[in-house]
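Structure at a glance
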Amino acid sequence: MDVLIKVFVALHIIGIASLLGGFLTQMKAMGAGTARFTPAMLHGALTMLVTGMVLVGLNQADDQAVNNVKIGIKLALLVVILALVYVKRDDETVDKGAFAAVGGLTAANVFIATIWT
């Protein structure tokens, strides 16, 4: 079970990297007002959602403690990220506020995951 959990943690990190990497590559365009949500950002967010749900299930099945408040907050942030990216995915440009919100919420999600024990 431990190996399976580690595989899904690795996949979860790949999803975060895809979402955050897509944001970081568009930061210069955000300054110019031409940023857009890339498919990698949507797929990264979806990967985070699926692997996160699997991780919660695997940890509970392995009788490990799961902080439901922490998971709930991370899920709420991810739902907002997914909503923004999904709705605006076909737009040629995305306004700076929405684009910055996705980057900020993604960073917040990373900090919650790593700092909150």
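What this report covers is the structure whose coordinates are included nearby. (Residues numbered from 1 in each chain as written. Predicted model: local features only at pLDDT ≥ 70, side-chain atom pairs only at ≥ 80, totals over all residues. Heavy atoms only, no water.)

Right, let's talk about helix H4 (residues 68-87) for a bit. End to end, H4 covers 28 Å across 20 residues, agreeing with the expected 28 Å (1.5 Å per residue, within 8%). In the core, the buried residues of H4 are packed alongside helix H1 (2-25), helix H3 (39-61) and helix H5 (96-115). The residue sitting at the N-terminus of H4 and contributing the capping side-chain oxygen is asparagine 67; that oxygen lies 3.2 Å from the backbone nitrogen of valine 69. (Helix = DSSP H or I, 4+ residues; strand = E, 2+ residues; numbered from the N terminus. Expected span 1.5 Å × (residues − 1). Contact = heavy atoms within 4.5 Å. Polar contact = N/O pair within 3.5 Å; in protein donor to acceptor, adjacent residues only side chain to side chain.)

The relative placement of two packed helices is expressed as an angle between their axes plus a distance between the axes. Put simply, H4 and H5 touch, their axes get as near as 10 Å, and they point 160° apart. Classed by the angle they form, the pair H4 and H5 counts as roughly antiparallel. Regarding H4 and H5, the two cross each other, and that crossing is left-handed. Between H4 and H5, the contacting residues are Lys70, Ile73, Lys74, Leu77, Leu78, Val80, Ile81, Leu84 and Val85 on the first element and Ala98, Ala101, Val102, Leu105, Thr106, Ala108, Asn109, Ile112 and Ala113 on the second. Classifying every residue of the contact of H4 with H5 by side-chain character gives 14 nonpolar, two polar and two charged. (Axes fitted to C-alpha atoms, helices over the stretch in contact; angles between N-to-C directions. Parallel < 35°, antiparallel > 145°, perpendicular 65-115°, else oblique. Left-handed = near helix turned anticlockwise from the far one by under 90°. Nonpolar A, V, L, I, M, F, W, Y, C, P; charged D, E, K, R; others polar.)

Mapping alanine 100 onto the fold places it in helix H5. Look at alanine 100 and you get partly exposed, because its relative accessible area is 35%. When the C-alpha positions of alanine 100 and arginine 89 are compared, they lie 15 Å apart, and in sequence the two are eleven residues distant. When residues no more than four places from it in sequence are discounted, the contact partners of alanine 100 are Phe23 and Met30. (Buried < 20%, exposed > 50% of the residue type's maximum accessible area, 1.4 Å probe, protein only.)

As enumerated under the stated definition, the model contains one salt bridge in all. Note that lysine 6 is salt-bridged to aspartate 2, the shortest N-O span being 3.5 Å. Here aspartate 2 and lysine 6 lie together in helix H1, a separation of four residues that amounts to about one turn. On the accessibility criterion, aspartate 2 (46% relative accessible area) is partly exposed. (Salt bridge = Lys/Arg side-chain N within 4 Å of Asp/Glu carboxyl O.)

This brings us to the layout of surface pockets. The space that makes up the largest pocket amounts to roughly 580 Å³. The wall of the largest pocket is formed by 23 residues, among which His12, Gly52, Leu55, Ile71 and Lys74 lie closest to the centre. Secondary-structure elements contributing two or more residues to the lining of the largest pocket are H1, H3, H4 and H5. Looking at the lining of the largest pocket residue by residue, the classes come out as 14 nonpolar, seven polar and two charged. (1 Å grid on protein atoms, 1.4 Å probe; cavity = no way out; pocket = protein on both sides within 12 Å on 5 of 7 lines; lining within 4 Å. Points joined across faces, edges and corners; volume = space filled by probe spheres on them.)

The phi dihedral of aspartate 63 falls on the positive side, at around 60°, and the residue is not glycine. On the secondary structure map, aspartate 63 appears in the loop between H3 and H4. For aspartate 63, a relative accessible area of 72% puts it in the exposed group.

Counting residues in each nonpolar core, the largest one holds 19 residues, and the members touching the most others are Leu19, Phe37, Met41, Val85, Phe99 and Val102. For this core, the elements supplying multiple residues, two or more each, are H1, helix H2 (27-32), H3, H4 and H5. Apart from the residues lying within four places of it in its own chain, the contact partners of methionine 41 are Ser18, Leu19, Gly22, Phe23, Arg36, Val85, Phe99 and Val102. (Core = buried A, V, L, I, M, F, W, Y, C linked by side-chain atoms within 4.5 Å.)

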